[in-house]
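Examining the three-dimensional arrangement
Okay, here's what each chain looks like letter by letter:
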Amino acid sequence: MNENLKIAVIGAGPAGLVALKYALQNGYQCEVFEQTDSLGGNWVYKDEVDIDKSGIKVHSSLYKDLIINVPKELMTYPDFNYPSDLRASYIGHREVLSYLCAYAEEFNLKNHIQYCQCVVNVAPIEAKWMVTVQDVRHANEKSKEFDAVFVCNGRFKSPVLPTINGQQLFEGNQIHSGSFRVPDSYENQKVLVVGGGHSATEITEIISKVAQHVYISYRNPLEKSFASNVTRKPEVALFTTNEAIFIDGTKEDIHQVIYCTGYTYSGSFLSSECGLVIQNRGVAPLFKQIVNINYPTMFFIGMPYEGSGNVLFDLQVRFAMSILRKTFVLPTKQEMLEEWEDFLRMKDGLNISREHIHRFGNPQNVENYSTELAKTANIKSIPPFYFKLYKKVWKRKRSERSYRIVDEETFEEIQI
């Protein structure tokens, strides 16, 4: 093992923290570059939307009353539990951030994180990487050479806004859900929420408590009950100055619009020399959705979504570390490219849009992927309880149920 290996980690969120932990445990030198002033990634809540009080750009998309939509037991690192006295499974973002801070404290990670350092360029230099970082407070840049790069910058930074006819004519306020914080400004308003995912239904529920009326417009079937002042609507066909006209021909007076239409992946710091294409809300080509096939000392942690979390980040990092330690030898570049093409054909065969190549969704897909990773690199897989619990709560709306992990095989429902 080359203990002089120098690793750069981009981002100090849940994926970046576990990458740092394993880099240090393997005896590598490691630096984490975090563009905000604190660890935790998207779990750091700020009231501000664009620029915070310190003049630092806000990247968080949390709203103040957010409660996680999966049990915390599915968001736990395998070697570090939430406090035993926190029995509730569906917790707020503050508890999640406290957990991440405790994880960083437990494994002595904090001194290796450089805050307010935005990575602006990453380029391969022979067998190494040149990483250029800009101090967001002073705008000065520095470049440093590394042997490997872990890209852990998350998926919730670049909002996707739909294009709808007449949108520019609408005179009311229009925002993306990433800018929503509190419902106060929607009091006695008629509000249109566009989207049918978790954030759309959650924000609809929150603002319906103060709004005059909320219309939620969505494309796919939505199994969710709402208050009496919420009306379900199909897709928006057209905006006027003060109306939304829907594809079924109905129209409604609207004061404000919230677009809960997701995010696209942002990797502007990746130079063209990296041999990657950023498209379809993802990155290509990647071996096992982790390894840059053209330069296999660059690793992406956390690209798969829906059904992934800290425990999967942990597995992906261990997979990458097995490559760096040379306990697992990658296939040839041609073989990896062929596997990537097989992966894309598999997605096509399932009628999954290329826009969602990194999305898991079905619990069985999560289990298959995790098992495959572990088998390929001969490393320990994710504990079986994880898949069993995910299958139980998948597609189920957030509830008052809470769970306790009994052992690696078993969980139980508990009363709190």
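Description of the structure in this document.

The rules behind the values
- Residues numbered from 1 in each chain as written.
- Predicted model: local features only at pLDDT ≥ 70, side-chain atom pairs only at ≥ 80, totals over all residues.
- Heavy atoms only, no water.
- Helix = DSSP H or I, 4+ residues; strand = E, 2+ residues; numbered from the N terminus.
- Contact = heavy atoms within 4.5 Å.
- Expected span 1.5 Å × (residues − 1).
- Buried < 20%, exposed > 50% of the residue type's maximum accessible area, 1.4 Å probe, protein only.
- Pairing = 2+ DSSP bridges.
- Right-handed = clockwise from strand over helix to strand, strands pointing away.
- Salt bridge = Lys/Arg side-chain N within 4 Å of Asp/Glu carboxyl O.
- Axes fitted to C-alpha atoms, helices over the stretch in contact; angles between N-to-C directions.

**Things to note about the side chain of Glu202**
Along the chain, the position of Glu202 falls in helix α3 (residues 198-207). In this structure Glu202 touches Tyr63, Ile67 and Arg398, once residues within four positions along its chain are discounted.

**What about helix α1 (residues 14-25)?**
Since the α-helix packs 3.6 residues into each turn, any two residues three or four apart lie on the same face. Taking 1.5 Å of rise per residue, twelve residues should cover 16 Å, and α1 covers 17 Å from first to last C-alpha, within 8% of that figure. For α1, the tally of buried residues reaches ten of twelve residues, placing the bulk of the element in the interior. Looking only at α1, the buried set comprises Pro14, Ala15, Gly16, Leu17, Val18, Ala19, Leu20, Lys21, Tyr22 and Ala23. Buried residues belonging to α1 abut β1 (6-10), β2 (29-33), α2 (93-106), β3 (113-114), β7 (148-151) and α4 (310-324). Once α1 finishes, Gly27 follows within two positions and takes phi at roughly 85 degrees, a positive value.

**Overview of the pairing of β2**
Counting buried positions over the five residues of β2 gives four, a clear majority of the element. Two strands pair when backbone bridges link them, and β1 and β2 are joined in this way by five bridges, in the parallel orientation. Note on β2: the bridge partner recorded for Ile10 is Phe33. A crossover connection joins β1 to the parallel β2 through α1; in handedness this β-α-β unit is right-handed.

**A word on the pattern of salt bridges**
The tally for this structure, following the rule as stated, stands at 20 salt bridges. Across the salt bridge formed by Lys144 and Glu31, the nearest N and O atoms sit 2.3 Å from each other. Of this pair, Lys144 sits in strand β6 (residues 141-146) while Glu31 is found in strand β2, placing the two residues 113 residues apart along the sequence. On the basis of relative accessible area, Glu31 is assigned to the buried category, the value being 15%. Residue Lys46 is joined to Asp37 by a salt bridge in which the shortest nitrogen-to-oxygen separation is 3.2 Å. Members of the salt-bridge network, linked through shared partners, are Lys288, Glu339 and Glu372.

**Points about helix α7 (residues 384-393)**
Turning to α7, its buried residues number three or more, namely Phe385, Tyr386, Phe387, Leu389, Tyr390 and Val393. One or two positions beyond α7, positive phi appears at Lys395, with a value near 65 degrees.

**A few points about the sheet that holds strand β14 (residues 243-246)**
The strand order across the open sheet formed by three strands is β13-β14-β15, and the pairing between neighbours is antiparallel. Among the strands making up the open sheet, the edge pair consists of β13 (236-239) and β15 (251-253). With strand direction ignored, the average angle separating the axes of adjacent strands in the sheet is 25 degrees. Sheet analysis places β13 next to β14, joined by three bridges and oriented antiparallel. What sits directly across from Phe239, in β14, is Ala244.

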